[in-house]
Structures are given as C-alpha cells and as structure tokens.
Amino acid sequence: MAAQVNDALKNLKVKDPEAVKASAAAAKANGNKDAVEAEGEDSDDDAEEKVAGEGATEGAAKKKRKRKRKPKKAGGANPTKQSDPPRVLLSNLFPSGEYPVGQECDYTDENLYRTTNEEKRHLDRMNNDFLQEYRQGAEIHRQVRQWAQKNIKPGQSLTEIANGIEDGVRALTGHPGLEEGDNIKGGIAFPTGLNLDHIAAHYSPNAGNKTILEEKHVMKVDFGVHINGRIVDSAFTMSFDPMYDNLLEAVREGTNTGIKEAGIDVRMGDIGAAIQETMESYEVEINGETFPVKCIRNLNGHDIRQWQIHGGKSVPIVKSNDQTKMEEGEVFAIETFGSTGNGYVRDDLETSHYAWRQDAPNVPLRIASASKLLQVIKKNFGTLPFCRRYLDRLGQEKYLLGLNNLVQSGIVEDYPPLVDKKGSYTAQFEHTILLRPTVKEVISRGDDY
C-alpha cells in the first residue's frame, strides 16, 4: 500500500501526461471514477483532500473510541444464576414460569393405582397454577436457606441473621412488603424463628435484642415463604459442635419417617407412632453425659391452607389414638422436635409472634391506637403471622398498648416462645408436602435436608 502511494506522488510531481493517462486508464478499468478525477487535479487540491481525509479518519476514530467506552447495561441480559446474598428475582431465573419439581413419592398399597390412573392424572394437570405457586415458593426457600447455611456464623446477632433471611425472601419473591397489601400477595409467610438450645419454637428477635449466636448453641431456623397465600413451611437445625450430631440426626430421621408414612387415607395416630419409634431409638452424649432423645409430645405438624399457616388438623409426633385421616389435595407441614430435656414445652420469655384471628369476636375497641393498629395488621398481613419488627418496619410507633389490647380482646392471637427445661437442647426439622391426586410431593426437599 505504501509503495503505491509513493509512485502516485512521483507521477504527480513530474506531471507526465503519459503517466496520468496510464493511471486514469488503470483506475477506470478498476471502476474507480473518483481516482480518475483526482489524477486530473492539481497536487495542492490533492494535499487538501489528504488533510480532509485524515481529519475524517481522526473523527471516525474518536467516535469509535467513544463507542468502546460506552458502559454496558447493568447486569446485561437476564441473569442465569442467583447472587450472593440472594437478590435476583426468582421469576427472572425461570422465565418460562415452570419451577423445579419437589421430591415425588408414589403412593403405596390401595393408593398405588393413583400413579397411572387417567382421572387422577387429569385432576393433577388441572392444578398446575397451584403447583407452580408452591414450587416457586419452595425454590425461594431452598436458595435463601442454602445461602443462610453457608453464611450464618458464631458471632452474628440474631437480628442480623433474621434480617438476612427475610431480605432474601422479599427480594426473590419481588414483594418488599412496604406497600399496603404487598406482603399478602407474596413474600414472608411468618416471622423467622431463631430458637436457641432449650427454646424450641416461636422466638424471633424484637427491636433492641442483643443476643449473639455462639459456637456452643444449637439453633433451630424456621421460616416460611408464600406466593399468593401458598405457604411453604420448612425448618432445619444448625450446630457448630459435632457433639450434637446425634440429636440432629434423630430429629431429621424422625421427620423423614413422618414424610414416608404420610399419605392419602393415613391416620394421624399411626404417623405419630412411627415418628416416635424412629426418633426415640437415638441417644446423645453431651459433655460426658448420655441423654435419650425424646419427642416433644405437645408439638405437632399441621395442615396448611391458603393464607393460613395452621389449618384445622394436627400431625402428632408421638403414638396416639387420633383416627383423623389425611385427604387428597391437602397440604401438610411434617415437623418433628426432639429434646434432651422433658420432651414437653411451655410458654416463656418475651412474645414476638402474633396473628389476626379470622374467627375474631366483634367487640368494641375502646383504645384508639388498637383500632388503628388492627387496620394496619389486616391490610398488611391479613391472617399471616407477623412480629414486632415487621410493625417497626412499616413505621408503626408506640403500638404495644394497642397490640396488647387486641390480644386481650381475642382479636389477635399471641404466640409466646415455647421452651423445654433450661439446660436442655432441642432440635427441629420440617418439610411441606402436597398430597396430589397422583403422587405425594415433598415440595421443600433439597440437597441439604
């Protein structure tokens, strides 16, 4: 290319007519009319064009450089994996609207026919929207809890742990819960329970709580996710000392036994007997002393209805004469609790959990703050349980007098922490199961438990 330019410049300087003709002829043969015209012009014009050409090239280069520096859109295309901490809306990770299926278990004995029966398969297909809402909630639970299991460490406050879990649930469901009615559409199904040692259930930090997780603690983590009132209720236990491993294994296997035994037409008392037999076959040695693992006999699993964490049926975890049967289409939380203490819990400590009662009596409220607070509760939580931190988050102030009045009037139910004897250790594992027409689906099952 450089040699061709030098030859052209020499020809222009000598102004050889023959050279000009030859150059023009060559350009014409190549179809380049501009080159023909350029050869017939003065060298001064040629130089001006060269300068102009260089200016144009520089301008183009500048534009090109600007384009290179143009920042990319944040996040680029749709994300393909979850962030850490989890903040990516789950529906963006599953744009088809089809969410992972839980663990499917065939029914047995007289219900074995359901797996292939066409009528039951048709009923199952009609429930697709219901199933996708449950599966979406279950996948959110899995992603949030697996992040929590990796990141919860001794030295963190219970408030920090609870906020981390709840922020993840709100982000993945796309329901921050700050606008009126938003949390009823989806999001947190009930307050995050962080129950240490002898505290078995219903403990969530209130504002100002300074409790710090320690390496010696056994902590039950119980939280729920809902999409359109379809509640996924699942819990696990964490410990940081292998001394407690047998306690955790006993309760985990008790829950798995309950899931295995559960099914359409199965009696509740039979499920409880199987759970008790499994769990109480374990013992645990703690600081040189051996303890039998006992089922906490006054804690049960339960059925779940839309926007109602506790329906009307209980699933005992000890042997009983309960002849109530599970039925097709029902949803159950199979949860078991084991203890090194009495195997019996009572109310104690400061209350954090509350819920508006659907069957609440119509009584006059003489305290103005109670009436105002009731409207806030109905519009933001409906029948879903809530805690004081959630009221704080909505900007409510000086509400305790009104809240206590609602409890005393029977309009709001309070759920104090449930504790075994001090010095004992308790553990919990829980899964939500769907009794579909064709199979039993353990909707919250994951690789972790």
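Residues numbered from 1 in each chain as written. Predicted model: local features only at pLDDT ≥ 70, side-chain atom pairs only at ≥ 80, totals over all residues. Heavy atoms only, no water.

With that out of the way, let us pick up the layout of surface pockets. In this structure, the second largest pocket spans a volume of roughly 510 Å³. Lining the second largest pocket are 29 residues, and of these His202, His302, Ile309, His310 and Glu335 lie nearest its centre. Of all elements in the fold, only strand E2 (186–196), strand E9 (301–303), strand E11 (331–339), strand E15 (412–415) and strand E17 (426–435) reach the threshold of two or more residues within the lining of the second largest pocket. Counted by class, the lining of the second largest pocket contains nine nonpolar, 13 polar and seven charged residues. (1 Å grid on protein atoms, 1.4 Å probe; cavity = no way out; pocket = protein on both sides within 12 Å on 5 of 7 lines; lining within 4 Å. Points joined across faces, edges and corners; volume = space filled by probe spheres on them. Helix = DSSP H or I, 4+ residues; strand = E, 2+ residues; numbered from the N terminus. Nonpolar A, V, L, I, M, F, W, Y, C, P; charged D, E, K, R; others polar.)

This brings us to the side chain of His175. By secondary structure assignment, the location of His175 is in the loop between helix H8 (158–173) and helix H9 (182–185). Looking at His175, its side chain comes within polar contact range of the side chain of Asp182, at 2.7 Å. Among all residues touching His175, those that are not within four sequence positions of it are Arg170, Asp182, Lys185, Gly186 and Gly187. (Polar contact = N/O pair within 3.5 Å; in protein donor to acceptor, adjacent residues only side chain to side chain. Contact = heavy atoms within 4.5 Å.)

The next point concerns the sheet that holds strand E3 (residues 199–201). Overall, antiparallel pairing links the three strands, which are arranged E3-E16-E12 in an open sheet. Single-partner strands in this sheet number two, and they are E3 and strand E12 (346–347). In the sheet, E12 pairs with strand E16 (residues 418–419) via two bridges, with the strands oriented antiparallel. Paired with Asp347 across the two strands is Leu418, which belongs to E16. (Pairing = 2+ DSSP bridges.)

This part is about the pairing of E2. Counting buried residues along E2, 11 of its 11 residues qualify, which places the element largely inside the surrounding structure. Of the pairings in the sheet, the one linking E2 to strand E4 (residues 218–227) comprises eight bridges and is antiparallel in character. Paired with Leu196 across the two strands is Met219, which belongs to E4. (Buried < 20%, exposed > 50% of the residue type's maximum accessible area, 1.4 Å probe, protein only.)

Turning next to the pattern of salt bridges. Inspection of the entire model under this criterion finds 20 salt bridges. The residue Asp303 makes a salt bridge to Arg305 at a minimum N-O spacing of 3.5 Å. The exposure class of Asp303 is buried, given its relative accessible area of 4%. A relative accessible area of 43% means that Arg305 is categorised as partly exposed. Measuring nitrogen to oxygen at the nearest pair gives 3.6 Å for the salt bridge that ties Glu350 to Arg388. In this pair, Glu350 is assigned in the loop between E12 and strand E13 (353–356) and Arg388 in helix H13 (residues 388–393), connecting sequence segments 38 residues apart. Classification of Arg388 by relative accessible area gives buried; the value is 13%. Overlapping salt bridges, with partners in common, bring together Glu104, Asp124, Arg135, Arg436 and Glu441 in one network. (Salt bridge = Lys/Arg side-chain N within 4 Å of Asp/Glu carboxyl O.)

With that out of the way, let us pick up the side chain of Ser234. Relative to the helices and strands, Ser234 resides in strand E5 (residues 230–239). Among the polar contacts listed, one links the side chain of Ser234 to the backbone oxygen of Glu430, at a separation of 2.8 Å. Residues contacting Ser234, with those up to four places away along its chain left out, are His141, Arg145, Val221, Asp222, Phe223, Glu430, His431, Ser444 and Tyr449.

A separate point is the packing of aromatic side chains. Inspection of every chain in the model, using the stated rule, returns eight aromatic pairs. Centre to centre, the rings of Phe94 and Tyr99 are 5.4 Å apart; their planes meet at 50°, and the pair counts as tilted. Aromatic pair Tyr244 and Tyr425: ring centres 4.9 Å apart, planes at 45°, arrangement tilted. Remark: Tyr425 occurs in the loop between E16 and E17 and Tyr244 occurs in the loop between E5 and helix H10 (245–261); sequence separation between them is 181 residues. (Phe/Tyr/Trp six-rings, centres within 6.5 Å; stacked < 30°, edge-to-face > 60°.)

Now for empty space enclosed by the protein. To find leftover empty space, one rolls a probe the size of a water molecule over the atoms. In the structure shown here, the tally under the stated rule is one cavity of 30 Å³ or more. Grouping the constituent residues of the lining of the largest cavity by class yields five nonpolar, two polar and two charged.

Before going further, it helps to examine the confidence of the model for the protein chain. Looking at the protein chain, the pLDDT average stands at 88 and 83% of residues meet or exceed 70. Under a pLDDT of 50 for its full length, residues 1–17 has, in the predicted model, seven contacts with residues more than four places off or in other chains. (pLDDT = per-residue confidence, 0-100.)

Turning to the environment of Asn209, a few remarks are in order. By the secondary structure assignment, Asn209 is in the loop between E3 and E4. A sequence separation of 52 residues divides Asn209 from Ser157, and the C-alpha atoms of the two residues are 8.4 Å apart. Discounting residues that sit within four places of it in the chain, Asn209 has contacts with Thr159 and Tyr203. In this structure the side chain of Asn209 is engaged in a polar contact, spanning 2.8 Å, whose partner is the side chain of Tyr203. Within the local environment of Asn209, its side chain forms a polar contact with the backbone nitrogen of Thr211, the two atoms lying 2.8 Å apart.

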